[in-house]
Amino acid sequence: MTEKKSARSKVQNFGSFLSSMVMPNIAAFIAWGFLTALFIPDGWIPNENFATLVDPILIYAIPMLIAYTGGNIVNPRMGGVVGAIATMGAIVGSEQKMLVAAMVLGPLSAWLLKKIQDAYDGHVKSGFEMLVNNFVAGFLALGLSLFAYVAIAPVMEGLLNILSTGVDWLVQRRLLPLVHIFVEPAKILFLNNAINHGIFTPIGLNQVEKAGKSMLFMIESNPGPGFGVLLAYMIAGKKNEKASAFGASIIQVFGGIHEIYFPYILMNPKLLIATILGGMSSTFLLELLNGGLVASPSPGSLISWILLTPKGSYLPTIIAFAVSTVVSMIVALPIIRNAKDTGKSLDEATNDIKDTKANKTVAKRPANTNLADTKKIIFACDAGMGSSAMGASILKKKVKEAGLDDIEVRNVAIPQIPDDADVVITHEDLTERAKQKNNNAYHVSVKNFMQAPEYDQLVTDIKEARANGEAKTKSTEKIENQTVSPDKEEVETVVYSADGKKISDKKIEEKTNNNSSVLKKENILLNQKFNSKEEVIKKVGKIMQESGYVDSEYTKGMLQRENEAPTHFGIGLAIPHGTNETKSAIKKSGLVVFTIPEGVKWDDETVKLVIGIAGVGDEHLSILSNVATKIDNEEIVNDIVENKSQDEIYEILTSEV
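The rules we used
Residues numbered from 1 in each chain as written. Predicted model: local features only at pLDDT ≥ 70, side-chain atom pairs only at ≥ 80, totals over all residues. Heavy atoms only, no water. Helix = DSSP H or I, 4+ residues; strand = E, 2+ residues; numbered from the N terminus. Buried < 20%, exposed > 50% of the residue type's maximum accessible area, 1.4 Å probe, protein only. Areas by Shrake-Rupley, 256 points an atom, 1.4 Å probe, with all protein chains shown as cover. Salt bridge = Lys/Arg side-chain N within 4 Å of Asp/Glu carboxyl O. Contact = heavy atoms within 4.5 Å. Pairing = 2+ DSSP bridges. Axes fitted to C-alpha atoms, helices over the stretch in contact; angles between N-to-C directions. Parallel < 35°, antiparallel > 145°, perpendicular 65-115°, else oblique. Left-handed = near helix turned anticlockwise from the far one by under 90°. Nonpolar A, V, L, I, M, F, W, Y, C, P; charged D, E, K, R; others polar. UniProt positions renumbered as here; feature names shortened; annotations may be inferred. Phe/Tyr/Trp six-rings, centres within 6.5 Å; stacked < 30°, edge-to-face > 60°. Lys NZ or Arg CZ within 6 Å of the ring centre and 35° of its normal. Polar contact = N/O pair within 3.5 Å; in protein donor to acceptor, adjacent residues only side chain to side chain. Expected span 1.5 Å × (residues − 1).

### Comments concerning the overall build of the protein
A tally of helices and strands in the protein yields 26 helices and eight strands. Each of the 657 residues in the protein was classed as buried or not, and the buried ones make up 55%. Counting only carbon and sulfur atoms, one obtains 57% of the accessible surface of the protein, whose full area is about 28,100 Å².

### What about the pattern of salt bridges?
Inspection of every chain in the model, using the stated rule, returns 10 salt bridges. With its nearest N and O atoms 2.6 Å apart, the salt bridge here joins Lys375 to Asp406. Linking Lys375 in the loop between α16 (346-358) and β1 (376-381) with Asp406 in the loop between α17 (387-401) and β2 (408-413), this pair joins segments that are 31 residues apart in sequence. Assessed through its relative accessible area of 44%, Lys375 is described here as partly exposed.

### Regarding the environment of Leu286
Examined against the element boundaries, Leu286 turns out to sit in helix α13 (residues 272-289). Given the relative accessible area of 1%, Leu286 is considered buried. Taking C-alpha positions, Leu286 is 10.0 Å from Leu315, a pair spaced 29 residues apart along the chain. When sequence neighbours within four positions are dropped, the list of residues in contact with Leu286 reads Met215, Met218, Gly291, Gly292, Pro316 and Ala320.

### Some points on the sheet that holds strand β6 (residues 573-574)
The strands making up a sheet are joined through hydrogen bonds of the backbone, oriented either antiparallel or parallel. What the four strands build is an open sheet, ordered β5-β7-β8-β6; its pairing is mixed. Each edge of the sheet is formed by a strand with only one pairing partner; in this case those strands are β5 (524-525) and β6. The pairing of β5 with strand β7 (residues 590-602) spans two bridges and is parallel. Residue pairing in the sheet places Leu525 in a bridge with Phe594 of β7. Against the sheet, helix α25 (residues 634-643) engages β6, β7 and β8 (605-614), with an angle of about 80 degrees to β8.

### Re the packing of α13 against helix α15 (residues 314-338)
Packing of α13 against α15 leaves a shortest axis separation of 8 Å and a crossing angle of 155 degrees. Judged by the angle between their axes, α13 and α15 are roughly antiparallel. Viewed along their axes, α13 and α15 form a crossing whose handedness is right-handed. Counting all contacts with α13, which are made through Ile273, Ala274, Thr275, Leu277, Gly278, Ser281, Ser282, Leu285, Leu286 and Leu289, the residues of α15 involved are Pro316, Ile319, Ala320, Val323, Ser324, Val327, Ser328, Val331 and Ala332. Residue classes in the contact of α13 with α15 are distributed as 13 nonpolar, six polar and no charged.

### Here we look at the packing of helix α22 (residues 533-546) against helix α23 (residues 553-564)
Axis separation between α22 and α23 bottoms out at 9 Å; the angle between their running directions is 150 degrees. Between α22 and α23, the angle is such that the two are roughly antiparallel. Between α22 and α23 the crossing geometry is right-handed. Only Tyr554, Thr555, Met558, Leu559 and Glu562 of α23 make contact with α22, whose side of the interface consists of Lys533, Glu534, Ile537, Lys538, Val540, Gly541, Lys542 and Met544. Of the residues contributing to the contact of α22 with α23, the split by class is six nonpolar, two polar and five charged.

### Some remarks on the sheet that holds strand β4 (residues 442-446)
Strand order in this open sheet of four strands is β2-β1-β3-β4, and the pairing throughout is parallel. The sheet is open, and its two edges are formed by β2 and β4, each paired on a single side. When the angles between neighbouring strand axes are averaged without regard to direction, this sheet yields 25 degrees. One ladder, built from three bridges, connects β1 with strand β3 (residues 423-427); its direction is parallel.

### A few points about the UniProt feature "transmembrane region" (unreviewed entry) in the protein
The UniProt feature table records "transmembrane region" (unreviewed entry) at residues 21-44, 50-67, 135-155, 216-237, 243-264, 271-294 and 314-336. Annotation note: span residues 243-264, helix share 73%, strand share 0%, distance between end C-alpha atoms 13 Å. Overall, residues 271-294 shows 75% helix and 0% strand. The separation of its end C-alpha atoms is 31 Å.

### Some words on the packing of aromatic side chains
On inspection of all chains with the given rule, the structure shows six aromatic pairs. Aromatic side chains Phe379 and Tyr455 sit 5.5 Å apart centroid to centroid with 70 degrees between the ring planes, which places their arrangement in the edge-to-face category. Taken as a pair, Phe379 in strand β1 and Tyr455 in helix α19 (residues 453-468) lie far apart in primary sequence, 76 residues in all. Of the two residues, Phe379 and Tyr455, neither departs from the other in class, the shared state being buried. In this arrangement the basic side chain of Lys539 is found over the ring face of Phe594, its NZ or CZ atom lying 5.9 Å from the centre.

### Quick word on the side chain of Ser145
Within the secondary structure layout, Ser145 lies in helix α7 (residues 129-172). Relative accessible area serves as the criterion here: at 12%, Ser145 is assigned to the buried category. Looking at Ser145, its side chain comes within polar contact range of the main-chain oxygen of Leu142, at 2.7 Å. When neighbours within four sequence positions are excluded, Ser145 is seen to be in contact with Ile85, Ala86 and Gly89.

### Some remarks on helix α5 (residues 79-92)
The end-to-end C-alpha separation of α5 is 20 Å, in line with the 20 Å expected for 14 residues at 1.5 Å each. Of all 14 residues in α5, 10 are buried, a share of seventy percent or more. Regarding α5, the residues found buried are Gly79, Gly80, Val82, Gly83, Ala84, Ala86, Thr87, Gly89, Ala90 and Ile91. Taken together, the buried residues of α5 touch α4 (54-74), α6 (99-120) and α7.

This is how it looks when you write it as structure tokens:
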């Protein structure tokens, strides 16, 4: 089982890495798609001059953007530049579109540059670093571009020809619908990014250039099959399933977040038959009616489908969506009715989704790690914005009280975990990702950043290791039936920014003085009522958008964050925030606070206090420090919700710790 999970995790991470190169450049794909739909000879408003932009953007700009993004992810020290220049060699050396080559050459070039930089790091005379770095990067870019021209371009051209021939063979024989047998189960396993961005998008763009559209963009992104399953639950599901399926269906169809329906499939895996047949019927009709889109839709919503549909193809698009929905629903109905009393509950299926997405593992410390030598403890979460900042504040307090003043405690996003971290603490759903970033550290998995007995155990282990003068070899096992008493003593709290930099005491004071801009009293809403956590998150996002803190994409990031790892803390408190990828949607730091006296179901917890976060840099961290030190148990949460006024809550969150 472990080996299977590990292999699946590797494929998921590969797909995620492909996605991390493509997703930041989706705007370029969309711009190119609309340019094609509007101005080519068969477009909506043909324009010979504007149409000359179509080829250069697809041939040069998009591959180089992807290569630059991939290179910059692997090596921010000029990795993107070297990757882009190397990709130019492949572009010029082939008649095919080198999107796949860009996905290879961008990160590969950056990795080679990093290895070279590591080799001479520390051996360059002071004052010559910039000169050496630039010349090394320049000569490597030159060499790789020539190599790509001679060797990579022919290989990639041959690979794309084979894949394109295979797709054409399937299309000619009306067999393309069969790919749904693989695509639909792969989506439930979160392998869709590898399929969509690695195969369908590059081939689809080639088809767009020739035919003005491609149905390959509509295979994985089709919201219809999932919508059909949710409709079936709304008709034949249990009471709680009906209520949740309605909200999920809105998010699925119009928000394009397909992960929302995955738990409903896992309640009864036979429902995969419904999504497979729904997808197959859609693709069959698209073949029959010559449908297609001009670019890859992101997200995969009905709105994206319609916006990217070329002139004359709206009918196939709408019919394909409608038929896939109806077929999926009709097939799903008897499956749901016959399995009412035997399937998994929605909560169990949701937990399975979290297990599948993160491949939960309780990490163990490498045998040669000596806790006595611990100097740096890192808290990591997906965005390095909320949960990890609060956990770091709590552990910082415990470390200081234990007299371990030489230990640095800070929080970062998982991609920024430093190589020299001695201990890395993550939510259990994110541990494997953290291990892949730094496998040499002592990894601690926790269920709840606010109340984790592992904190006390870690501090005890470090103290004992130092007292004994030798390494401890015990693994980090979850401690059952142990309670942590909240500390009441006032201590100095040091807060760290998302990129790991310490905020000085003076800076903290400045942040506190500026808390009025981060938290407005009118954004503290008392006595709210909600039916689901999704409803809460959407209202948080709406208020943040109206307050000028974020744009609309941030709400999707908050919903996605909940799918990856929960933001509740087990004490009636939840702190929803976006993913690392949606930080670009934040315009300025801001918080929104709800009290919910009747509570709202949040996974397996009941939440009564919600603090939504959008954080740029360090501006929100003093408030998070207050939350971590002042709201650290359920009694305090209940007191705030039941007894505190708007002004009192504002004072609790903004006054100095």
